[in-house]
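Residue-level structure breakdown
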Amino acid sequence: MTDTDLARLARESGLERVGARPPLGEYLVSVWKRRAFIYTMARYRVQASVEENRLGLGWIVLKPILNALLYGFIFGVIMPSDTRPDNFIAFLVAGVFVFEYFSKAFGMGSRAIVGDAALVRSLNFPRMLLPVSLITRHVMEMVPMMVVLGVILVIVGEPITWWWLMSIPVLAVMTMFNLGVALVVARLTVHLRDVSQIIPLITRLFFYASGIFYSLELVIDDPKLLKLAQLNPVHDFIALIRGYMVSGNPVTGFMWWVAIISAVVMLTFGVWFFWKAEERYGHD
């Protein structure tokens, strides 16, 4: 009996090749069934990161605060005053905190598979669990960050309103987008390790293009060019959080449309793109 005959006999008998990629629907169901593992792994990594540093959980919020102080000092001095709103501190801090959420998903997502190569090679499980657990970890870390953001906004004079609760659906949509991004870069880095070298450059590009320390509306006069700049979903997530939590920053339907469509498209593509290479993880 030839190898071809054996392969046909195996398929007819319901046998599957080791490491074979299941259909997408079945694959996603298997990921959902292991949601307890996702949560436990995310919580363990949060605890591990806390135990590694003396300040523990404090670094989760200290880092964006220090970044805000640094950018505020530098750009608050060298940037023209007509390119930033009157409540510049609240504007800047909100932008830095939200951008930190995206940059973590983008940067750490690239190491979701290659950083756990030993686990990937030794155990049989849906590899999507790793980037999903990574984003779950970031969600856990985002909770204290938003609490601290609220405290800072109150300190600098922003009133607490019911509109602050709208940050929850905004961050939920952004989490979908971040997961899609993490899935894409997780696969790309497995096949092309050089991708990890350009991720900091792309992150910096998003940072400067998303209006962290300046207002796009005050900088760009051309309405068409402004609309083009507002197609950047990272900018729109930041703008939505500012709109609901920082006074003087209007929310538009266009921002919501860009945010939702970008999140759905990125997550859908990310899931499909990552699943297509399921058989190759741990072998490249």
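Further up the page is the structure itself.
Here is a short report on the structure shown in this document. (Residues numbered from 1 in each chain as written. Predicted model: local features only at pLDDT ≥ 70, side-chain atom pairs only at ≥ 80, totals over all residues. Heavy atoms only, no water.)

By secondary structure assignment, the location of Ala277 is in the segment after helix H13 (253-276). According to the relative accessible area criterion, Ala277 is buried, its value standing at 0%. When the C-alpha positions of Ala277 and Arg127 are compared, they lie 9.7 Å apart, and in sequence the two are 150 residues distant. With near-sequence residues (within four places) excluded, Ala277 lies in contact with Arg187 and His191. (Helix = DSSP H or I, 4+ residues; strand = E, 2+ residues; numbered from the N terminus. Buried < 20%, exposed > 50% of the residue type's maximum accessible area, 1.4 Å probe, protein only. Contact = heavy atoms within 4.5 Å.)

Attention now moves to H13. Across its 24 residues, H13 extends 35 Å between first and last C-alpha, which sits within 8% of the 34 Å expected from 1.5 Å per residue. Inspection of H13 places Met255, Trp256, Val258, Ala259, Ser262, Ala263, Leu267, Gly270, Val271, Phe273, Phe274 and Trp275 among the buried residues, and these make up the whole buried set. At its buried positions, H13 is contacted by helix H2 (24-33), helix H7 (129-155), helix H8 (167-191) and helix H12 (233-245). (Expected span 1.5 Å × (residues − 1).)

Together, Ile89, Val143, Val147, Val151, Ile155 and Val156 line one region of the surface with nonpolar side chains, adding up to about 550 Å² of accessible area. Ranked by residues supplied to the nonpolar patch, first place goes to H7 with four residues. Residue position: Ile155 is located in helix H7. A relative accessible area of 66% means that Ile155 is categorised as exposed. (Patch = residues over 30% accessible without salt bridge, like charges linked within 9 Å, V, L, I, M, F, W, Y side chains within 5 Å. Areas by Shrake-Rupley, 256 points an atom, 1.4 Å probe, with all protein chains shown as cover. Salt bridge = Lys/Arg side-chain N within 4 Å of Asp/Glu carboxyl O.)

Another aspect to go through is the packing of helix H5 (residues 88-109) against H7. Where H5 contacts H7, the axes come no closer than 11 Å and their chain directions differ by 170°. Taken together, the axes of H5 and H7 lie roughly antiparallel to each other. In contact with Ala90, Val93, Ala94, Phe97, Val98, Glu100, Tyr101, Lys104, Ala105, Met108 and Gly109 of H5, H7 contributes Leu134, Ile135, Arg137, His138, Val139, Glu141, Met142, Met145, Val148, Leu149, Ile152 and Leu153. (Axes fitted to C-alpha atoms, helices over the stretch in contact; angles between N-to-C directions. Parallel < 35°, antiparallel > 145°, perpendicular 65-115°, else oblique.)

Within the largest apolar cluster, 49 residues are counted, with the highest numbers of intra-cluster contacts made by Phe102, Leu149 and Ile212. Setting aside residues no more than four positions away along its own chain, Leu149 makes contact with Val93, Ala94, Phe97 and Met245. Core analysis: the next-biggest nonpolar cluster, separate from the first, contains 26 residues, Val120, Leu134, Leu179 and Ala277 among them. (Core = buried A, V, L, I, M, F, W, Y, C linked by side-chain atoms within 4.5 Å.)

This part takes up the packing of aromatic side chains. We describe a pair of aromatic rings using the distance from one ring centre to the other and the angle between the two ring planes. According to the stated counting rule, one finds 11 aromatic pairs in the structure shown. Summarising the aromatic geometry, the rings of Phe102 and Phe206 are spaced 5.2 Å apart at their centres and angled 65° between planes, so their arrangement reads as edge-to-face. A residue pair is termed long-range when its members are at least 10 positions apart, and Phe102 in helix H5 and Phe206 in helix H9 (residues 195-209) qualify at 104 residues. Residue Phe102 is classed as buried on the basis of its relative accessible area, which comes to 2%. Of the residues examined, Phe206 reaches a relative accessible area of 24% and is grouped as partly exposed. Arranged with centres 5.6 Å apart and planes meeting at 55°, the rings of Phe177 and Phe237 form a pair that is tilted. Residue Phe177 is located in helix H8, and its partner Phe237 is located in helix H12; the two are separated by 60 residues in the primary sequence. (Phe/Tyr/Trp six-rings, centres within 6.5 Å; stacked < 30°, edge-to-face > 60°.)

So, on to the environment of Met245. Checked against the element boundaries, Met245 lands in helix H12. Overall, Met245 belongs to the buried group, its relative accessible area being 4%. C-alpha separation for the pair Met245 and Met166, spaced 79 residues apart in sequence, amounts to 8.6 Å.

Two elements in contact, H12 and H13, have axes whose closest approach is 9 Å; the angle formed by their N-to-C orientations is 130°. In this view, H12 runs oblique relative to H13, as classed from their interaxial angle. Here the hand of the crossing between H12 and H13 comes out left-handed. Here Pro233, Asp236, Phe237, Ala239, Leu240 and Tyr244 of H12 lie close against H13, whose contacting residues are Met255, Trp256, Val258, Ala259 and Ser262. (Left-handed = near helix turned anticlockwise from the far one by under 90°.)

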